[in-house]
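# Structural overview for review
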Amino acid sequence: MPINLDHLGELERTHSCGELRAGDAGREVVLMGWVAVRRDFGPLTFVDLRDRDGLTQIVFDAEDAPDAHARAKEVRGEYVIAVRGRVEVRDSAAHNPKLPTGEIEVRALELLVLNEARTPPFQLDASPDKLAAEETRLKYRYLDLRRPYLQRNIRLRHLLVAEIRGYMNEQAFTEIETPILIKSTPEGARDYVVPSRLHHGKFYALPQSPQIFKQLCMIAGLDKYYQIARCFRDEDLRADRQPEFTQLDVEFSFATREQVYRLIEGLYVRVFRLVGAELPQPFPRLSYAEAMRRYGVDKPDLRFGMELQDLRAAVEGTTFAPFAAALEKRGEVKGLVVKGGAHLSRKQLDELQEVAKRYGAGALAWVKLGDELSSSLLKALGEEAVTRIASQAGAEKNDAVLVVAGKASVVAASLGALRNEVARREKLIKPNTFAPLWVTEFPMFEHNEDDGRYYAMHHPFTSPVDEDLVKFERAVEGGETHLFGEIRAKAYDTVVNGIEVAGGSIRIHRRDVQRLVFKALGLTEEKARERFGFFLDALEYGTPPHGGIAAGIERTLMALTGIENIRDLMAFPKTASAADLMIDAPGPIDNHQLDELYIRVVEE
């Protein structure tokens, strides 16, 4: 049965629910918020009142304030109330050390019930292991966001963005907004397209990044640009991806790679202080080739060792088919040493094999140096060869060696994934540690074996390194296509704890070089003109050398907090299928709107 609701009138709250301390004893205060818990003990009723700052215990005493006490018995969980009362210090035995406000309580003098609430579809204060299904929480995201965990994440996000703006302003950068409705240039990830009502049969696209516009800002002489930019990509999602996301977008004129490194290192040193961490400066650097050779991935986690070991010398001349075939086809045989890993059970090794197979490996071989030598290779290779493999890998007593053979890309991907999985399982990562680095000199192009084409590893506006320009011309104009794999880019990624938090490059500022890149990517002059004509024209009007970087806000938060689910760092995220369960989007539009847009929906 509905209760009578009160009017707030001109009453103003004096404090938040996480603010009062023992030093406030005796003060009359006004608190407002949501009823988290109500406990009824006859003449005494206790309410834990919650707002974004925390909890305060309110005491309703039938003897001191009979009207307020009677009213308190009507409230339920998530009712919105206002309380006027007096701060008192709790008896020492009643202190709650889990709460910042645990030394005090507010003895109520007056209670206003401002709104009632239905019983929530899930328990808001459930422990992490008893949370409702994520689909349910996303459907009622406005309730899920009341949880202190998510509120802390959203406020940290705010502090991060505020810190970024302050830093960039201090560095004399200008915040400039670029368009959201742009032209589709289908390269890389798919665009989200937007039909135009005024231009029948034509479409805008939502930006995957402000890339071209920030380069145009350099041509315009604006010199130092930044933006907290919303970006959109219609691609398959993972735990660290969303269809719309936010990034710090940076570009400046006459930039060198060293200047970019110093700028971003200064930024990350500053923002990591938000969580009490002090990053080393300068960051370590690894070339792409070295990162792949030593760790199997281009975003290695440097908080632990376990580098990949080349085992070619140990198996040279073998007749064991998987190893022999890999070497014959210019593949690799590599392994990694798990310190103290001789305890790994057959079940655990089988689980690790499944991880390797997910990344293309045919099988995972293993060696254990326990009290006795044991290995999946003993029968095929014999004890002497297996001992040689363990020695080549650098394994010692009580260690284990995990071995993969095959194409270089498969060996790198599977061992890189195994390295991270073993570190997680064996608890090799110390909590609250941060290991930043730069990964540099990425390949300019990557080859797609399915269609035989070369694609830009970053984007087609990335500059090759100066020393490789002649080689690049030979590859494009001279038909020496084997050279494409040798051309390095002035590209760089910032990695923290195995998370690629930022990526950028020095850009192409010469039209002749840009033309070569488009030609290398298979774009005819006509196609390049159709998609990028305005930009090619702009390059002819005195374009300064320039470069920049984009830092993901959500990715940076993942590194700051250790949270692996990107949805926990956004106020209103989408599901893994790019759906918004709360507002039921995407959804159909009515026929009148379709007619205005000259669009017809074809049923599958």
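How each quantity is defined
Every chain is numbered independently, its residues counted from 1 as its sequence is written. Two thresholds apply to this predicted model, a pLDDT of at least 70 for residue-level local features and 80 or more for giving and counting side-chain atom pairs, whereas whole-chain, interface and lining totals are computed over all residues. Neither water nor hydrogens contribute to the side-chain values; these are computed over all heavy atoms in the structure. With a 1 Å grid laid over protein atoms only, a set of points is called a cavity when a 1.4 Å probe fits there but cannot get out and a pocket when it is open yet has protein on both sides within 12 Å along at least five of seven lines; lining residues have an atom within 4 Å of a point. Grid points are joined across faces, edges and corners, and a volume is the space filled by probe spheres set on the points. Helix numbering and strand numbering both begin at the N terminus, where a helix is a DSSP run of H or I of at least 4 residues and a strand a DSSP run of E of at least 2. Without a salt bridge and with relative accessible area above 30%, a residue can belong to a patch; like charges are then joined within 9 Å and nonpolar side chains (Val, Leu, Ile, Met, Phe, Trp, Tyr) within 5 Å. Method for areas: the Shrake-Rupley scheme with a 1.4 Å probe, in which residue coverage is limited to the protein chains shown. Throughout this description, the term salt bridge denotes a Lys or Arg side-chain nitrogen within 4 Å of a carboxyl oxygen of Asp or Glu. When DSSP finds two or more bridges between two strands, those strands count as paired. Any pair of residues with heavy atoms lying within 4.5 Å of one another is described as a contacting pair. A fitted line through C-alpha atoms serves as each axis, taken over the contacting stretch for helices, and the angle formed by two N-to-C directions is quoted from 0 to 180°. Burial here depends on accessible area, computed with a 1.4 Å probe over protein chains only, as a share of the maximum for the residue type. Under 20% is buried, over 50% is exposed, and the range in between is partly exposed. Pairing of aromatic rings covers Phe, Tyr and Trp, the last counted by its six-membered ring, and requires centre-to-centre distances within 6.5 Å; plane angles under 30 degrees mean stacked, over 60 mean edge-to-face, and any other angle means tilted. Working rule for angles: under 35 degrees goes down as roughly parallel, over 145 as roughly antiparallel, 65 to 115 as roughly perpendicular, anything else as oblique. When the near helix sits turned anticlockwise from the far one by under a right angle, the crossing is termed left-handed; a clockwise turn instead gives a right-handed crossing. Only Asp, Glu, Lys and Arg are considered charged, only Ala, Val, Leu, Ile, Met, Phe, Trp, Tyr, Cys and Pro nonpolar, and every remaining residue, Gly among them, polar. A helix is expected to span 1.5 Å for every residue after the first. To get the bend at a given residue, fit one axis to the seven residues ending there, fit another to the seven starting there, and take the angle between those axes.

There is about 830 Å³ of room inside the second largest pocket. Elements with a minimum of two residues in the lining of the second largest pocket: strand 1 (28-41), strand 2 (44-51), strand 3 (54-61) and helix 4 (148-170). With 7 residues, helix 4 is the single largest residue contributor to the lining of the second largest pocket.

Among the surface-exposed residues, Ile180, Leu181 and Tyr204 lie close enough to one another that they form a single nonpolar patch of about 250 Å² accessible area. Residue position: Tyr204 is located in strand 8 (residues 203-205).

The subject of this paragraph is unusual backbone geometry. A cis amide bond, omega 0°, links Gln281 with the succeeding residue Pro282. One can find Pro282 in the loop between helix 6 (257-272) and strand 11 (285-287). Located in the positive-phi region is Asp223, a residue other than glycine, with phi close to 70°. If you trace the backbone, Asp223 turns up in the loop between helix 5 (211-219) and strand 9 (224-232).

With that settled, the discussion passes to the sheet that holds strand 20 (residues 491-496). The strand order across the open sheet built from 8 strands is 6-9-10-22-21-20-17-11, with neighbouring strands paired in mixed fashion. The sheet is open, and its two borders are formed by strand 6 (174-175) and strand 11, each paired with just one other strand. Sheet analysis places strand 21 (residues 499-506) next to strand 22 (residues 546-552), joined by 5 bridges and oriented antiparallel. Each residue of the ladder has a partner; that of Gly504, found in strand 22, is Ile549. Each of strand 9, strand 10 (244-253) and strand 22 is contacted by helix 5, which is oriented at about 20° to strand 10, the strand it contacts most.

Among the 8 residues in strand 3, 6 count as buried, and that is most of the element. With 8 bridges connecting them, strand 2 and strand 3 associate as antiparallel partners. In the strand pairing of strand 3, Leu49 is matched with Thr56. Counting the residues in the hairpin turn of strand 2 and strand 3 gives 2 residues. As defined by bridge partners, strand 3 adjoins strand 5 (residues 104-115) across 2 bridges and the pair is classed as parallel. Within strand 5, the position partnered with Val59 by the bridge is Arg107.

It is worth spelling out the pattern of salt bridges at this point. Per the stated rule, a full pass over the model turns up 54 salt bridges. A salt bridge links Arg511 to Glu540, with the nearest nitrogen and oxygen atoms 2.8 Å apart. Placement of Arg511 in helix 15 (residues 511-520) and of Glu540 in the loop between helix 16 (525-538) and strand 22 is noted, with a sequence separation of 29 residues between them. Judged by relative accessible area, Arg511 falls into the partly exposed class, the value being 26%.

This model, assessed by the stated rule, comprises 17 aromatic pairs. With centroids separated by 4.9 Å and ring planes inclined at 90°, the aromatic side chains of Phe320 and Phe323 adopt a geometry described as edge-to-face. Owing to a relative accessible area of 4%, Phe323 belongs among the buried residues under this scheme. A centroid spacing of 5.2 Å and a plane angle of 80° characterise the contact between Phe445 and Phe484, whose relative ring orientation is edge-to-face.

Moving on: the side chain of Thr494. Of note, Thr494 is situated in strand 20. Accessibility expressed as a relative area gives 0% for Thr494, which makes it buried. Residue contacts for Thr494: discarding those within four places in its chain leaves Ile264, Phe283, Leu437, Trp438, Ile499, Glu500, Val501, Ala502 and Ile549.

A few words now on the packing of helix 5 against helix 16. Interaxial distance between helix 5 and helix 16 falls to 10 Å at its minimum, and their mutual angle equals 20°. When the interaxial angle is binned, helix 5 and helix 16 end up roughly parallel. Regarding helix 5 and helix 16, the two cross each other, and that crossing is left-handed. Residues Ile212, Gln215, Leu216 and Ile219 of helix 5 form the contact with helix 16, whose own contacting residues are Phe532, Phe534, Phe535 and Ala538. Residues belonging to the contact of helix 5 with helix 16 are distributed by class as follows: 7 nonpolar, 1 polar and no charged.

It is worth spelling out the sheet that holds strand 5 at this point. Spatial strand order, 1-2-3-5-4: 5 strands in a closed barrel with mixed pairing. Within this sheet the neighbouring strands show an average axis-to-axis angle of 55°, counted without direction. Across 10 bridges, the pairing between strand 4 (residues 80-89) and strand 5 is antiparallel. By the bridge assignment for strand 5, Arg84 is matched with Glu110.

On to helix 16. Along its 14 residues, helix 16 runs just 16 Å from first to last C-alpha, ending more than 12% under the 20 Å computed at 1.5 Å per residue. Bending of helix 16 peaks at approximately 90° at the position of Phe532. If you follow the buried residues of helix 16, they end up packed against helix 5 and helix 15.

This part covers the packing of helix 10 (residues 346-358) against helix 13 (residues 408-425). Across the interface, helix 10 lies against helix 13 with an axial gap of 9 Å and an inter-helix angle of 140°. Relative to helix 13, the element helix 10 is oriented oblique. In the crossing of helix 10 with helix 13, the sense of the turn from one axis to the other is right-handed. Counted together, Gln348, Glu351, Leu352, Val355 and Ala356 of helix 10 and Ser414, Ala417, Leu418, Glu421, Val422 and Arg425 of helix 13 form the full contact between these two elements. Counted by class, the contact of helix 10 with helix 13 contains 6 nonpolar, 2 polar and 3 charged residues.

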